[in-house]
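Residues per chain are reported as follows:
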Amino acid sequence: MEMTFFFILFIAAHQFQLLLLQNYMNLRGKKHWFPLNLIKIPHGEMTVDDVMLSLQWDLPPSAVWKSIQNTSSPAQSTASLEHPQAQYCMGDTLDVRVDMRDHSGRPKTHGGDFILARIHSPNLQASAAGAVTDLRNGSYRVRFTLLWPGEVQVSVLLMHSSEAVQALWRSRQLNYKKITHKGAFVNGSKTETSECGFQLNASKSLCEYKDERDGESYSCYTPPTLPCHSIDTISSFNTPGSALTKEEALLFNRNNIGVKIKNHFGNVNVSNCSVGQNEMDRNCVQRINPSIPCGYYWRNQWSSLYCKTGSFFTLESINRCLKGKTLYLMGDSTVRQWIEYLIKIQKEFHSFLNSVKGISSIQFVNPKEEYSIQWKLHNYPWISSYKNKPSDSSYISRNLDAIGAEGEDTVVVIAVGQHFRAYPLELFVRRLLSLRRAIQRLQARSPGTRIFIKLENTRELSSEPERFSDWHGHLQNLAQRKVFGDLQVGFVDAWEMTVAANTFVIHPDPTIIASEVAEFLSRLCHTPQDTSAIFHLSSDSFLQSLLHF
């Protein structure tokens, strides 16, 4: 009887989930506010609809506004401490409540604002990101962990109002035309050009470039006389025009992006409340969905809360970790910075290194330490000032397939996203799912191969927000966690690291890159089967906060 009851309950739950999925399919393009990301849709192979469904809770609500006066105003909004304490100790949680108001001072009654937050101590070159929770009623809770002693400042930035986020989402889903691509076809001294893209006019003659297995494709209008295979380079530029209304465009003036919300409290003084030092040995763990913070900056270097990063800022430790390994870096120029950094620090000490550099690939061999690193750019789309050669690029899924059963001395880092922000989100999700299948194939034939996903970092606030806003990057990072979260992969959270550092540059400076590489190496060479990381903790409460992450 009891088993029958639970079987009936299981079937009912399953049917309820299928009903929700059908509801999503019927409502695509409409806004509804049931927390769908909390539901696990049963599936064998993950689909685009599975991923899009999981992101519904993070999409902006549909709210009607008539003028900019009705939109969220950082000047009228406030940040205040929840449950203020007489004393704050290292390891304590600091909760800040943000109450949004419009430009007329009226309280907002719905969520959807894009907010970033951090704590920092400039004199100590220390900082950490905060976790923002949308309460869906016009208020937000930002939670920080106090990780160092001294005077700590709190900074909460309104990146975009909820109304601006609505406009970004509507514009993003409209079409593929925000970027124009031009293909150059060459035969001897003759050159012809034509437009390339994902959705061209099918009634015209097209050159189609397809990967049938993975469903990847783009096309160019057939040039006047030259054959399709003569394509040599593809260039890109922003398509003139905008999908925004005049009122919406005002929301993206530079003085409306990334504006600090005023605090109704002063700086927070954090004490070292413990009598002595506590020490704890912990295995470094791969965190699939780490809570914020997963680390912090101290003296301008990243300190992970899960792995010991400190030693990986030295050349000796870097070489020791990479010794005997083959490291494949696959993706955009933000991970190309890793190999450029690793080459640069080596060349300061050695003259025997071999490296070959190009626009689409870089190869580097250290014969003394017996390791090699290769970076290769992902395939189309490219949004770049360079002219990219299709013949020099391949899909990452194909590059993963080319790796044999090489074992634990083979390491892969994948970084995609920045070149996809200007296109509908489904396009990016399809690319992620292609990568997911390739990762599964690689792990099936080579279980020891280590794979890492580098999440997107923040970029310039002035860089065409309709196309490249960090809100697009935030949404794409959520999609990456959904697609890869149940696989045996590690994440390098470049997003949290650049938010904590308050840097908004698509190519962060070498200090940030050194910290990203140190975070990666700490996960690569400090595993549960290897050396444990040792954390020096400064209060019992901090110890408890780590035990319950």
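The rules behind the values
- Residues numbered from 1 in each chain as written.
- Predicted model: local features only at pLDDT ≥ 70, side-chain atom pairs only at ≥ 80, totals over all residues.
- Heavy atoms only, no water.
- Helix = DSSP H or I, 4+ residues; strand = E, 2+ residues; numbered from the N terminus.
- Buried < 20%, exposed > 50% of the residue type's maximum accessible area, 1.4 Å probe, protein only.
- Contact = heavy atoms within 4.5 Å.
- Areas by Shrake-Rupley, 256 points an atom, 1.4 Å probe, with all protein chains shown as cover.
- Pairing = 2+ DSSP bridges.
- Axes fitted to C-alpha atoms, helices over the stretch in contact; angles between N-to-C directions.
- Disulfide = S-S within 2.5 Å.
- pLDDT = per-residue confidence, 0-100.
- Polar contact = N/O pair within 3.5 Å; in protein donor to acceptor, adjacent residues only side chain to side chain.

Visitor: Which residues make up the overall build of the protein, and what values do they have?
Guide: Scanning the protein for helices and strands turns up 13 helices and 27 strands. Per-residue burial for the protein yields a buried fraction of 55% across its 549 residues. Sequence-distant contacts in the protein: of pairs separated by 6 or more residues, those separated by 24 or more amount to 76%. By element, 52% of the accessible surface of the protein is carried by carbon and sulfur atoms, the whole surface being about 24,100 Å².

Visitor: Could you give me a rundown of the sheet that holds strand β1 (residues 72-81), with the residues and numbers involved?
Guide: Backbone-to-backbone hydrogen bonds join strands into a sheet, with any given pair of strands oriented parallel or antiparallel. An order of β6-β7-β3-β1-β15 is seen for the five strands of this open sheet, with the pairing classed as mixed. Two strands lie at the open edges of the sheet, namely β6 (131-134) and β15 (262-263), each paired on one side alone. With seven bridges joining them, strand β3 (residues 93-102) and strand β7 (residues 139-145) adopt antiparallel strand pairing. Within β7, the residue paired with Thr93 across the bridge is Thr145.

Visitor: Please set out the sheet that holds strand β13 (residues 231-238) residue by residue, giving values where relevant.
Guide: Strand order in the open sheet formed by five strands is β11-β12-β10-β9-β13, and the pairing between neighbours is antiparallel. Looking at the sheet topology across the chains shown, the edges are occupied by β11 (206-211) and β13. Sheet twist, expressed as the mean angle between neighbouring strand axes with direction ignored, is 30°. Looking at chain direction, strand β10 (residues 190-197) and strand β12 (residues 216-221) are connected through two bridges and run antiparallel. Each bridged residue has a counterpart across the sheet, and for Gly197 the counterpart in β12 is Ser219.

Visitor: Pulling in residues and values, what's your account of the state of the cysteines?
Guide: According to the stated counting rule, one finds four disulfides in the structure shown. Covalent S-S linkage joins Cys89 and Cys273, the inter-sulfur distance amounting to 1.8 Å. Here the disulfide of Cys89 and Cys273 is left-handed, its torsion about the S-S bond being about -90°. Within this pair, whereas Cys89 is found in strand β2 (residues 88-89), its partner Cys273 is found in the loop between β16 (268-271) and β17 (278-282), the two being separated by 184 residues in sequence. Overall, Cys89 belongs to the buried group, its relative accessible area being 13%. Taking relative accessible area as the criterion, Cys273 reaches 32% and is therefore assigned partly exposed. There is a disulfide in this structure between Cys196 and Cys220, and the S-S distance comes to 2.0 Å. Taking the torsion about the sulfur-sulfur bond, which here is approximately 100°, the covalent link between Cys196 and Cys220 counts as right-handed.

Visitor: Can you break down the pairing of strand β23 (residues 371-377) residue by residue, with the values?
Guide: Along β23, the buried face is formed by Tyr371, Ile373, Trp375 and Leu377; none of Ser372, Gln374 and Lys376, which line the opposite face, is buried. In this sheet, β23 lies alongside strand β22 (residues 361-366) in antiparallel orientation, the contact comprising six bridges. In the strand pairing of β23, Ile362 is matched with Trp375. Connecting β22 to the antiparallel partner β23 that follows it, the hairpin turn spans four residues, and Glu370 within it adopts a positive phi of roughly 60°.

Visitor: If you had to explain the confidence of the model for the protein to someone new, which residues and values would you point to?
Guide: Residue-level pLDDT values for the protein average 86, and 82% of them are 70 or greater. Between residues 275-282, whose pLDDT stays under 50, and residues either more than four places distant or in other chains, the model counts 26 contacts. Predicted confidence is poor over residues 527-549, with pLDDT under 50, and the contacts of this stretch with residues over four places away or in other chains come to 62 contacts.

Visitor: Describe the environment of Thr334, listing the residues and the values that go with them.
Guide: Its place among the elements puts Thr334 in helix α6 (residues 333-347). C-alpha separation for the pair Thr334 and Val416, spaced 82 residues apart in sequence, amounts to 8.8 Å. Those residues within four positions of Thr334 in sequence are excluded, and the remaining contacts are Ala415, Gln418, Lys454, Asn457, Ile506 and His507. There is a polar contact of 2.5 Å between the side chain of Thr334 and the side chain of Asp332. Polar contacts involving the side chain of Thr334 include one to the side chain of Lys454, which spans 3.2 Å.

Visitor: Mind laying out unusual backbone geometry, listing which residues take part and the relevant values?
Guide: The amide bond that connects Tyr380 to the next residue, Pro381, takes the cis arrangement and shows omega of 15°. Mapped onto the elements, Pro381 comes out in the loop between β23 and α7 (396-401). Positive phi is not limited to glycine here, since His83 has a value of about 55°. Checked against the element boundaries, His83 lands in the loop between β1 and β2. Even without glycine at this site, Arg136 takes up a positive phi of about 65°. When you line up the elements, Arg136 lands in the loop between β6 and β7. By relative accessible area, which is 22% here, Arg136 ends up partly exposed.

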